[in-house]
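Letter by letter, the chains look like this.
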Amino acid sequence: MASLSHKDLLGIEQLSVEDIQLILDTAEALREVAARPVKKVPTLRGKTVVNLFFEPSTRTRSSFELAEKRLSADILNFSASTSSVTKGETLLDTAHNLEAMSPDIIVIRHQSAGAPHLLGRECRASIVNAGDGMHEHPTQALLDGLTVRTIKGRLDGLKVAIIGDVAHSRVVRSDTILFSRMGADVWVCGPPTLLPWEFEKLGARTTPHMEEAMDGADVIMMLRVQHERQNEAFFPSAREYASLYGLTRERMRSAKKGAIVMHPGPINRGVEIESEVADADYSVILNQVSNGVAARMAVLYLLSGNSGLEP
Amino acid sequence: MQLILRQGRVIDPSQKLNNVMDVGIDDGKIAALAPKVAGKGRKEIDVRGLVILPGFIDMHVHLREPGREDAETIESGCAAAVAGGFTGVACMPNTQPVNDSEAVTAFILSRAREAGKAAVYPVGAITKGLEGKTLAEIGEMRRAGIVAVSDDGHPVCNSQVMRRAMEYSRIFDIPVIDHCEDRDLAAGGVMNEGGWATRLGLRGMNPAAEEVQVERDAVLARQTGARVHIAHLSTRHALETVVRAKKAGVALTCEVTPHHLLLTDAAVAESSYDTNTKMNPPLRLQEDVDALARGLASGAIDVIATDHAPHSVRDKMLEFDHAPFGIVGLETAVSLVCDRFVRPGVLTLERLAELFSANPSRILNLGRGTLAVGSVADVTVLDLERKMDVKPGEFASRSRNTPFAGWKLTGGPALTVVRGKVVWSL
Amino acid sequence: MGKTGDKTRSKVQGKVVMTASEIDLVLARIAAEILERLGPGEDFAVVGIRRCGVHLAQRLCRKVEATRRRAVPLGILDITLYRDDLTAAGGNRPTLRETRIDFDVNDRSLILVDDVLFTGRTIRAALDGLVDLGRPKRVQLAVLVDRGHRELPIQADYVGKVVQTEASDDVDVRLAEEGQAEGVFIKGASKNLADKASPQVEKRSLLRQTSIFDQGAT
């Protein structure tokens with residue numbers, strides 16, 4: 001028997017090493033479903049999953065939807081554009097309305113950090129955080145962990161370099177906590193304007209120098225940088241950013257042998273990552289996508305026993 | 001005599017009093033103060049074991065009327081004030097409409113008279129509509145009864161406008177109260193910038209946003225000779241600036257709130273994004289909290305004020321990013337300070353009287369803050385043994401937004417007398 | 001591990017239903033029966049249900065291959081995703097393990113192997129799982145122990161031993177592969193276990209045992 005110690009998956013922060021291992025093991029077992037002629041199992045038959053997306057997202061949302069469908073859950077999609085949020089309904093109003101339909105799991109993506117926590121306090125359904133503001137994106141970190149563990153056979157003792165717009169990234173927060181908790185040596189790198197204060201408290205070392213971060217790294221993870229940031233004085237131009245922090249073939253030549261390149265997507269070819277690097281053998285960006293479905297199936301499976309408990 | 005408080009410990013720094021005495025009140029004024037007042041009062045209250053202090057004044061309150069009567073009214077705010085031991089409150093001008101005219105000032109004062117509980121001292125806007133551009137009609141408002149000017153909540157960013165406001169305020173000898181925040185540095189933040197904001201993924205407000213502006217105000221106060229009061233000061237470095245300016249003879253004073261004295265930004269994480277930990281200035285670091293506590297005892301800090309900011313449950317129960325800043329404070333401030341500072345011996349009762357009564361009265365020129373015979377009989381009586389559980393549901397305020405719900409406190413108000421009338425008792 | 005240790009354990013383990021050598025004998029018989037019933041030309045595979053069914057399937061495979069001198073594909077089936085008791089709330093989820101069936105199940109005969117046949121729900125789940133992998137030609141069921149108390153209309157094609165039990169009894173199959181002292185044990189509420197566990201190897205299976213020799217002759 002196996003269970004997560006929480007009703008909700010709000011962040012990697014709450015997960016113990018055992019919780020993380022359990023989710024990764026379960027995800028590994030579930031990966032086989034994708035290889036079958038009938039890519040569907042009846043596990044969540046009769047369970048209702050609500051996908052509550054307040055922020056546009058194609059990848060995460062499709063990945064969750066596929067995971068839910070492969071587990072035979074009934075799905076209700078609810079996005080901000082089609083909802084009454086625009087008519088002045090608050091998040092709690094929305095949550096209470098959804099609760100009235102007795103969902104078992106609510107997957108929420110929201111621009112505001114802590115929105116899933118607010119829902120978790122008010123709802124009987126299990127809440128899965130699919131990304132909240134600049135806070136966490138736990139299922140992304142789980143799929144990243146699964147990807148690295150599958151390729152490298154372990155997480156502990158690896159050097160993981162995460163490079164880019166650290167300040168605005170929820171992925172880097174979840175990844176840093178997950179990889180450092182599992183024993184990896186995590187380095188976080190970006191221009192100091194995009195390195196938030198005391199990031200070290202999450203379990204990473206920080207540096208503004210890409211060479212230092214990449215030196216001996218087994219995993220190089222690039223973060224998306226939005227062009228708009230140049231208008232907020234974080235860096236002068238996309239061009240200068242690419243020259244200082246872009247992952248190029250040139251830089252990959254000095255990388256450790258066997259190092260893999262990851263990116264949570266969507267990628268900005270030519271800004272944080274050179275096109276040829278994104279498509280090279282050492283790039284595992286597409287493995288990340290397929291592992292995403294398995295990781296999310298694992299989370300849904302493990303949480304499905306917890307719904308209906310008191311919030 | 002109208003009222004005699006019998007055998008309480010009278011604390012009054014203005015007369016250097018710390019004795020068990022009787023206080024006789026007649027015609028709304030202190031009529032007698034002696035170890036034993038002869039004769040019989042029409043009403044007599046035995047306050048043995050309790051502490052009698054000059055009436056407490058909260059010089060930083062938002063009463064929300066006119067405009068947001070769903071969150072608070074002048075009547076409910078005054079009821080909350082007297083239940084919290086305050087005999088008077090200074091109310092900030094960010095109402096709807098803004099108190100930037102004689103008419104709004106007069107309206108507030110007439111509603112306060114009808115409520116008939118705590119004294120209300122309106123604070124007028126510095127600039128029209130709190131827009132930070134052109135000066136409001138400060139003279140007209142002064143005639144109608146304002147005691148200070150402030151653009152609280154909408155800090156005056158243009159330093160030239162602030163300089164003019166300080167110069168102009170000297171005509172009336174009223175203080176300019178400034179909410180110090182450089183809006184560009186604060187950058188749309190919702191909590192203190194630092195490790196917790198990083199971890200929680202919330203936009204941080206750089207403490208420099210406050211410190212830069214306090215420094216600016218100290219410079220302008222020196223140059224203009226105006227009386228400047230720093231509202232809800234929250235960082236160690238900002239306090240250092242105030243101390244330095246005071247030493248140099250600048251007419252700079254400052255207040256701190258109970259929440260900045262007792263909570264750190266870790267509360268946002270511990271409460272899992274409870275919006276009752278969202279206020280402006282935000283909760284800071286332990287080193288700031290420690291520095292403020294030292295300043296409280298040393299005299300570097302002049303006033304404890306609550307920044308009572310009522311918000312309806314509907315408004316406050318939002319995503320952390322979207323919820324409004326602020327918490328209520330009138331009904332918890334005195335008990336929090338008694339429990340955490342007076343009882344452990346950090347603050348003497350004399351310092352308590354200065355922080356809550358004498359200093360706000362002096363800064364706002366109210367002629368209160370004393371129990372001298374002949375002065376207005378605004379009296380706060382405390383019971384230092386009173387047990388209190390903070391229960392927001394029982395507040396007299398219309399709002400319940402407090403981070404202190406469930407706290408168990410010892411010590412608090414027992415009796416509140418305004419103009420000789422008992423307006424609240426336990 | 002001294003004798004005393006074994007004795008105390010056997011008390012905890014309950015009454016012995018089958019010993020290690022009996023298990024081996026019974027598997028040899030089932031292997032022979034399979035070959036007999038499917039015929040020599042039949043292309044079939046063995047699929048074990050996690051956990052104990054997998055070890056038994058492996059052993060069966062080896063025995064069949066020894067006789068047949070041809071490789072028999074072995075698959076592993078985890079039925080957790082198909083269980084019908086997952087809807088219950090309560091936090092705990094059964095631990096998921098991988099299903100590994102590397103051969104094409106279409107148009108192939110499958111021998112499904114499990115340790116104990118009880119309510120039939122596991123087999124129901126396993127059949128659902130197999131169907132999702134393709135369309136086998138036929139599925140037959142082999143079990144080490146049939147302990148009765150069916151809740152679904154399911155019967156085994158090959159049975160090692162039929163054991164009378166109370167529904168509340170525990171039938172525990174311990175295998176060397178799991179690092180345990182091998183044997184099948186029964187423990188539970190009923191007092192007169194001795195009556196039930198004694199040589200009730202039924203006539204049916206005895207009859208079949210004779211057929212092994214027939215098979216051997218062909």
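This is a predicted model, so every value here is computed, not measured. (Residues numbered from 1 in each chain as written. Chains lettered and ligands numbered in written order. Predicted model: local features only at pLDDT ≥ 70, side-chain atom pairs only at ≥ 80, totals over all residues. Heavy atoms only, no water.)

With that settled, the discussion passes to the overall build of chain B. For chain B, the helix and strand inventory stands at 14 helices and 18 strands. A globule of 426 residues ought to have a C-alpha radius of gyration of about 22 Å, and chain B, at 20 Å, matches this closely. Overall, the C-alpha framework of chain B stretches about 65 × 45 × 45 Å when taken along its three principal axes. Buried positions account for 65% of the 426 residues belonging to chain B. Contacts in chain B between residues at least 24 apart in sequence constitute 75% of all its contacts with a sequence separation of at least 6. With the model as given, the accessible surface of chain B reaches about 15000 Å², and the carbon-plus-sulfur share is 49%. Within chain B, the 53 negative side-chain charges are centred at a point lying 4 Å from the centre of the 49 positive side-chain charges. (Helix = DSSP H or I, 4+ residues; strand = E, 2+ residues; numbered from the N terminus. Rg over C-alpha atoms; globule rule 2.2 N^0.38 Å. Buried < 20%, exposed > 50% of the residue type's maximum accessible area, 1.4 Å probe, protein only. Contact = heavy atoms within 4.5 Å. Areas by Shrake-Rupley, 256 points an atom, 1.4 Å probe, with all protein chains shown as cover. Lys, Arg positive; Asp, Glu negative; His and termini not counted. Charge placed at Lys NZ, Arg CZ, Asp CG, Glu CD.)

Moving on: the packing of helix H2 (residues 20-38) of chain C against helix H3 (residues 52-68) of chain C. Residue and element names in this part refer to chain C. At a minimum axis separation of 9 Å, H2 and H3 run at an interaxial angle of 55 degrees. Between H2 and H3, the interaxial angle falls into the category oblique. As for the relative orientation of H2 and H3, their crossing is right-handed in sense. Touching Ile23, Asp24, Leu27, Ala28, Ile30, Ala31, Ile34 and Leu35 of H2 are Leu56, Arg59, Leu60, Lys63, Val64, Thr67 and Arg68, all from H3. A class-by-class count of the residues in the contact of H2 with H3 yields 10 nonpolar, one polar and four charged. (Axes fitted to C-alpha atoms, helices over the stretch in contact; angles between N-to-C directions. Parallel < 35°, antiparallel > 145°, perpendicular 65-115°, else oblique. Left-handed = near helix turned anticlockwise from the far one by under 90°. Nonpolar A, V, L, I, M, F, W, Y, C, P; charged D, E, K, R; others polar.)

Residue and element names in this part refer to chain B. Structurally, the position occupied by Ala377 is in the loop between helix H14 (349-364) and strand E16 (379-389). You can call Ala377 buried: its relative accessible area is 0%. C-alpha separation for the pair Ala377 and Asn365, spaced 12 residues apart in sequence, amounts to 16 Å. Leaving out residues up to four positions away in the same chain, Ala377 has contacts with Ile25, Gly28, Lys29, Ile30, Val417, Val418, Arg419 and Gly420.

Turning to the interface of chain A and chain C, a few remarks are in order. Contacts between the two partners involve 24 residues from chain A, matched on the other side by 19 residues from chain C. Both sides together, the interface formed by chain A and chain C hides about 2000 Å², and carbon and sulfur atoms give 58% of it. Linking chain A with chain C are zero salt bridges, by the criterion used here. Inspection of the region where chain A meets chain C yields four residue pairs in polar contact (both at pLDDT 80 or more). Contributions of two or more residues to the side of chain A that touches chain C are made by helix H1 (17-30) and helix H11 (285-303) of chain A. The leading source of residues in the side of chain A that touches chain C is H1(A), at three residues. Grouping the amino acids of the side of chain A that touches chain C by side-chain chemistry returns 12 nonpolar, seven polar and five charged. (Buried area = accessible area lost by both parts, 1.4 Å probe. Salt bridge = Lys/Arg side-chain N within 4 Å of Asp/Glu carboxyl O. Polar contact = N/O pair within 3.5 Å; in protein donor to acceptor, adjacent residues only side chain to side chain.)

Once that is clear, we can look at the pattern of salt bridges. Across all of its chains, the model carries 59 salt bridges over all chains by this definition. Between Asp93(A) and Arg314(B) there is a salt bridge, with the nearest N and O atoms lying 3.6 Å from each other. Taken as a pair, Asp93(A) in helix H3 (residues 91-99) and Arg314(B) in helix H12 (residues 313-316) lie in two separate chains rather than in one. Residue Asp93(A) is classed as partly exposed on the basis of its relative accessible area of 26%. Its salt-bridge partner being Glu210(B), residue Arg284(B) comes within 2.9 Å of it at the nearest N-O pair. In this pair, Arg284(B) sits in the loop between helix H10 (266-270) and helix H11 (286-298) while Glu210(B) sits in helix H7 (residues 208-224), placing the two residues 74 residues apart along the sequence. Assessed through its relative accessible area of 5%, Arg284(B) is described here as buried. Each of the salt bridges in this network shares a partner with another, and the network as a whole consists of Asp25(A), Glu28(A), Arg31(A) and Arg149(A).

The next thing to look at is the nonpolar core. With 88 residues, the main nonpolar core has Val107(A), Leu142(A), Leu178(A), Phe179(A), Val188(A) and Leu112(C) as its most contacted residues. Looking at this core element by element, the count peaks at 10 residues for H11(A). Discounting residues that sit within four places of it in the chain, Val188(A) has contacts with Ile162(A), Val166(A), Val172(A), Thr176(A), Leu195(A), Phe199(A), Ala204(A), Arg205(A), Thr206(A) and Thr207(A). Grouped together as the second largest cluster of nonpolar side chains are 79 residues, Ala81(B), Met141(B), Cys254(B) and Leu384(B) included. (Core = buried A, V, L, I, M, F, W, Y, C linked by side-chain atoms within 4.5 Å.)

Our focus in this paragraph is the interface of chain A and chain B. Counting residues at the interface gives 27 residues for chain A, matched by 22 residues for chain B. Of the roughly 2000 Å² buried at the junction of chain A and chain B (both faces included), carbon and sulfur atoms supply 54%. Among the residues of chain A in contact with chain B, Ala113(A), Met134(A) and Trp197(A) are the three that bury the most area, contributing 27% of the side total. The tally of links between chain A and chain B comes to two salt bridges. At the surface where chain A touches chain B, the tally comes to eight residue pairs in polar contact (both at pLDDT 80 or more). Its residues placed into classes, the side of chain A that touches chain B shows 10 nonpolar, nine polar and eight charged.

Okay, the sheet that holds strand E10 (residues 176-178) of chain B next. Residues and elements named next belong to chain B. Ordered in space as E6-E7-E8-E9-E10-E13-E14-E15, the eight strands form an open sheet in which the pairing is parallel. On the outer flanks of this sheet lie strand E6 (56-61) and strand E15 (303-304), each paired with one strand and no other. When strand E13 (residues 228-230) meets strand E14 (residues 252-256), the two strands line up parallel, connected through three bridges. Across the sheet, residue Val228 finds its bridge partner in E14, namely Leu252. Along the sheet, helix H4 (residues 159-169) makes contact with E10 and E13, crossing E10 at roughly 150 degrees. The strands that helix H8 (residues 236-247) touches are E13 and E14; relative to E14, the one it contacts most, it runs at about 150 degrees. (Pairing = 2+ DSSP bridges.)

This part is about the sheet that holds strand E7 (residues 170-174) of chain C. Residues and elements named next belong to chain C. Pairing within the open sheet is antiparallel, and its three strands lie in the order E1-E8-E7. The strands lining the two open edges of the sheet, one partner per strand, are strand E1 (15-19) and E7. Between one strand axis and the next, the sheet turns through 20 degrees on average, direction left out of account. Where E7 and strand E8 (residues 183-187) come together, five bridges link them in antiparallel fashion. Residue pairing for E8: Arg174 is matched across the bridge by Gly183. Sheet strands touched by H2: E1 and E8. Its angle to E1, the strand with the most contacts, is close to 45 degrees.

Turning our eyes to something else, we now look at the side chain of His229(B). All names here are of chain B. Of note, His229 is situated in strand E13. Accessibility expressed as a relative area gives 0% for His229, which makes it buried. A distance of 2.7 Å separates the side chain of His229 from the side chain of Thr253, its partner in a polar contact. Aside from chain neighbours lying at most four places away, what touches His229 is Met59, Val176, Ile177, Asp178, Thr253, Cys254, Glu255, Val303 and Ile363.

Our focus in this paragraph is the packing of aromatic side chains. Across all of its chains, the model carries eight aromatic pairs over all chains by this definition. Ring geometry for Phe56(B) versus Phe356(B): centroids 4.8 Å apart, planes at 15 degrees, classification stacked. Separated by 300 residues along the polypeptide, Phe56(B) in strand E6 and Phe356(B) in helix H14 bring together distant segments of the chain. Taking the relative accessible area as the measure of exposure, Phe56(B) reaches 0% and is therefore buried. Connected via pairs of aromatic rings, a cluster forms that spans Phe235(A), Tyr241(A) and Tyr245(A). Directly above the ring of Phe118(C) sits Arg147(C), whose terminal nitrogen or CZ lies 3.7 Å from the centroid. (Phe/Tyr/Trp six-rings, centres within 6.5 Å; stacked < 30°, edge-to-face > 60°. Lys NZ or Arg CZ within 6 Å of the ring centre and 35° of its normal.)

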